[in-house]
Amino acid sequence: MGPTQKPNVCRQLSRRALGFFSRDAGVVQRTNLGILRVLVCQESTKFKNVWTTHSKSPIAYERGRIYFDNYRCCVSSVASEPRKLYEMPKCSKSEKIEDALLWECPVGEILPNPSDYKSSLIALTAHNWLFRISATTGKVLEKIYLASYCKFRYLSWDTPQEVIAVKSAQNKCSALARQAGIQQPILLYLAVFHVLPFSLIGILEISKKIFGNVTDATLSHGILIVMYSSGLVRLYSFQAIIEQFMQQKLDLGCACRWGGTAGTVGEAPFGIPCNIKITDSPPLLFEVSSLENAFQIGGHPWHYIITPNKKKQKGVFHICALKDNSLAKNGIQEMECCSLESDWIYFHPDASGRIIHVGPNQVKVLKLNEVENNSAQHQISEDFVILANREKNKNENLLTVTASGRVVKKKFNLLDDDPEQETFKIVDYEDELDLLSVVAVTQIDAEGKAHLDFHCNEYGTLLKSIPLEESWDVTYSHEVYFDRDLVLHIEQKPSRVFSCYVYQMCLLIFERERGRGRERKRETPKQALCQSLL
């Protein structure tokens with residue numbers, strides 16, 4: 001258990017007003033967020049449901065903005081009640097936005113246009129256009145036509161806020177083509193761009209001739225990751241592939257002649273030719289086999305997490321050193337639980353090198369340390385554990401009646417994720433307030449009730465619990481976001497009905513009525529608390 005002394009908010013505000021932190025903007029921001037964390041976690045602070053809405057199309061959330069109707073409509077969640085920022089003109093199904101990423105201006109970069117210093121939405125449309133849209137007005141600032149030779153469908157960050165990868169839908173060989181002996185030579189394409197200003201790195205083809213029967217491929221931090229149905233995962237250097245197999249450097253907006261056709265790169269109908277064609281097996285960096293291609297890299301020094309490639313090993317995780325594939329001491333992690341849903345594990349997003357292992361009734365935060373007297377080997381140990389609030393050794397009695405009429409009681413244990421017991425469903429990390437947020441659900445009578453708990457990221461101490469007013473059906477799909485002083489719950493019901501519940505922070509202030517000696521409570525909205533902080 002860590003120290004319990006809380007920072008004095010009044011003292012911190014006084015020091016800020018006197019200019020104690022004026023020489024370092026980063027210190028001011030960290031101090032402000034520290035004050036906000038104290039306000040969020042104090043007992044008199046409540047989170048009030050200020051807005052609820054429903055939609056027939058998916059709802060997305062990103063940094064204070066709620067997107068509806070395939071990103072066509074944007075609502076700000078920062079105001080006391082969410083308000084519409086913009087609504088783009090209606091478009092046909094073939095022009096709708098299929099995927100999007102929020103880009104925010106990097107610090108210290110000199111950009112060509114004043115509008116580049118404001119947040120933008122990078123959007124991929126169904127007809128293969130890549131748009132950069134103002135995140136506040138919905139105005140299209142830039143547009144690039146990708147290609148007509150494939151269907152691009154997915155957006156992801158290769159390097160966050162710097163390089164994006166646009167992935168095509170996978171070309172699958174039809175049954176008739178297979179019977180005729182026709183093989184699909186190109187499985188998928190990856191288009192890679194630097195963002196702000198947009199510049200093309202290249203379009204890479206993933207072919208069956210070079211890579212075999214690939215089920216998926218993606219880019220992450222300059223590494224090409226290729227996956228197979230057998231569970232095999234292979235890693236290649238994307239930079240090495242560019243240097244060895246790029247046929248021609250292409251620049252957006254420049255004239256180009258390719259395959260007997262001339263046009264402007266990035267403009268319709270010419271688009272962008274595929275200029276990275278691998279003709280020989282590229283150098284292999286790393287190879288591992290894992291159940292369902294589950295593979296993660298992280299920690300200090302680099303380690304990876306896999307599940308042995310056997311169905312009976314599901315729920316067993318091996319943590320190994322990347323440099324020599326050696327298993328860390330205590331590196332086999334298995335949560336002894338009997339549940340319908342399996343547990344999951346991942347490297348902590350706070351860059352501490354720790355690991356989070358989540359089961360139905362406990363959250364383990366593990367740390368990676370050097371073995372004493374052996375700096376070459378590392379070991380896994382528990383940092384702290386968060387336990388669900390349950391009755392110990394709870395079981396049920398099963399009554400049976402024998403032929404003679406005798407009543408027999410038989411005891412049996414409940415599943416670890418039994419809906420009548422508190423069960424963990426979502427674990428996330430709020431990086432600015434340095435809090436772990438944990439969603440716990442309990443079935444009460446016919447409906448489930450959920451609450452969102454805030455835990456200290458350093459020690460695991462429970463600091464705050466927020467009940468969610470709406471019922472929680474465990475058979476539905478749920479997303480919960482905790483962002484500074486906002487909690488947002490998105491729920492997908494059957495028949496593609498989506499619901500969004502917005503909670504905002506407010507402070508309960510107790511006032512003594514004059515002459516009566518009685519106290520009454522008054523709610524103060526979050527703007528009065530936070531407008532001077534952020």
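Data block above holds the structure.
Below you will find a few notes about this structure. Note that the coordinates shown come from a computational prediction; the quantities given were computed from them, not determined experimentally. All chains use their own residue numbering, which begins from 1 and follows the written sequence. Under the rules for a predicted model, residues below a pLDDT of 70 receive no local features and side-chain atom pairs below 80 are neither given nor counted, while totals for whole chains, interfaces and linings still include all residues. By convention in this description, side-chain values take in all heavy atoms of the structure and omit both hydrogens and water.

We now examine the nonpolar core. Residues Leu130, Leu146, Phe152, Ile164, Val166, Phe193 and Ile272 are the most contacted members of the largest nonpolar core, which totals 30 residues. Of all the secondary-structure elements, those providing two or more residues to this core are β6 (97-103), β7 (120-125), β10 (152-159), β11 (163-168), β12 (186-194), β13 (199-207) and β17 (255-258). Counting from the N terminus, the helices are DSSP H or I runs at least four residues long and the strands are E runs at least two residues long. Ranked by residues supplied to this core, first place goes to β12 with 4 residues. Note on terminology: a nonpolar core comprises buried Ala, Val, Leu, Ile, Met, Phe, Trp, Tyr and Cys residues joined through side-chain atoms within 4.5 Å. Buried means the residue's accessible area, taken with a 1.4 Å probe over protein chains only, is under 20% of the maximum for its type, while exposed means over 50%, and partly exposed covers the values in between. Core analysis: the second largest hydrophobic core is formed by 25 residues, Ala165, Leu188, Leu190 and Leu224 among them.

Turning to the pairing of strand β22 (residues 316-321), a few remarks are in order. Within β22, 6 of the 6 residues are buried, leaving the element largely enclosed by the surrounding structure. The alternating pattern of β22 places Val316, His318 and Cys320 and Phe317, Ile319 and Ala321 on opposite faces, both of which are buried. When DSSP finds two or more bridges between two strands, those strands count as paired. Where strand β21 (residues 303-306) meets β22, 4 bridges bridge the pair, whose relative direction is antiparallel. Within β22, the residue paired with Ile305 across the bridge is Ile319. Strand direction decides the pairing type here: β22 and strand β23 (residues 327-334), joined by 4 bridges, are antiparallel.

In space, the 4 strands of this open sheet follow the order β6-β7-β8-β9, with antiparallel pairing throughout. Because the sheet does not close on itself, it has two edges, and the strands there are β6 and β9 (140-145). The average angle at which neighbouring strand axes cross in this sheet is 20°, direction not considered. Pairing of β7 with strand β8 (residues 129-134), which is carried by 5 bridges, proceeds in the antiparallel orientation. Following the sheet pairing, Ile122 is matched in β8 by Arg132. Working convention: axes come from line fits to C-alpha atoms, limited for helices to the stretch in contact. Angles between N-to-C directions cover 0 to 180 degrees.

For Phe, Tyr and Trp, rings pair up if their centres lie within 6.5 Å, where Trp contributes its six-membered ring, and each pair is then called stacked (planes under 30 degrees apart), edge-to-face (over 60) or tilted (otherwise). Inspection of every chain in the model, using the stated rule, returns 13 aromatic pairs. When the centroid spacing of 5.3 Å and the interplanar angle of 45° are considered together, the rings of Tyr67 and Tyr71 count as tilted. No difference in accessibility class separates Tyr67 from Tyr71, as the two residues are buried. Aromatic pair Phe193 and Phe198: ring centres 6.2 Å apart, planes at 80°, arrangement edge-to-face.

Taken together, 4 strands build an open sheet; the order of strands is β14-β15-β16-β19 and the sheet is antiparallel. Here the strands that pair on one side only, and so sit at the sheet edges, are β14 (214-220) and β19 (284-289). Put simply, the sheet's adjacent strands are angled 20° from each other on average, direction ignored. The pairing of strand β16 (residues 232-237) with β19 spans 5 bridges and is antiparallel.

Another point: the environment of Ile466. Mapping Ile466 onto the fold places it in strand β33 (residues 462-467). It is 6.2 Å that separates the C-alpha atoms of Ile466 and Asp453, two residues lying 13 residues apart in sequence.

Time to look at the environment of Phe245. Structurally, Phe245 is set in helix α5 (residues 238-245). Placed 30 residues apart in sequence, Phe245 and Asn275 show a C-alpha to C-alpha distance of 8.4 Å. Residues count as neighbours in contact if any of their non-hydrogen atoms are within 4.5 Å of one another. Residue contacts for Phe245: discarding those within four places in its chain leaves Asn275, Ile276, Lys277, Ile278, Thr279, Asp280 and Pro282.

Our next topic: unusual backbone geometry. Glycine aside, residues mostly have negative phi, and peptide bonds are mostly found in the trans state. A cis amide bond links Ala268 to the next residue, Pro269, at an omega of 0°. Structurally, Pro269 is set in the loop between β18 (261-264) and β19. With an omega dihedral of -10°, the bond running from His300 to Pro301 counts as a cis peptide bond. Looking at where Pro301 falls in the secondary structure, it is placed in the loop between β20 (295-298) and β21. One non-glycine residue with positive phi stands out, namely Asn330, at about 60°. Relative to the helices and strands, Asn330 is located in strand β23. A positive phi angle, near 65°, is found at Asn373, a position not held by glycine. Relative to the helices and strands, Asn373 is located in the loop between β26 (362-371) and β27 (374-387). On the accessibility criterion, Asn373 (78% relative accessible area) is exposed.

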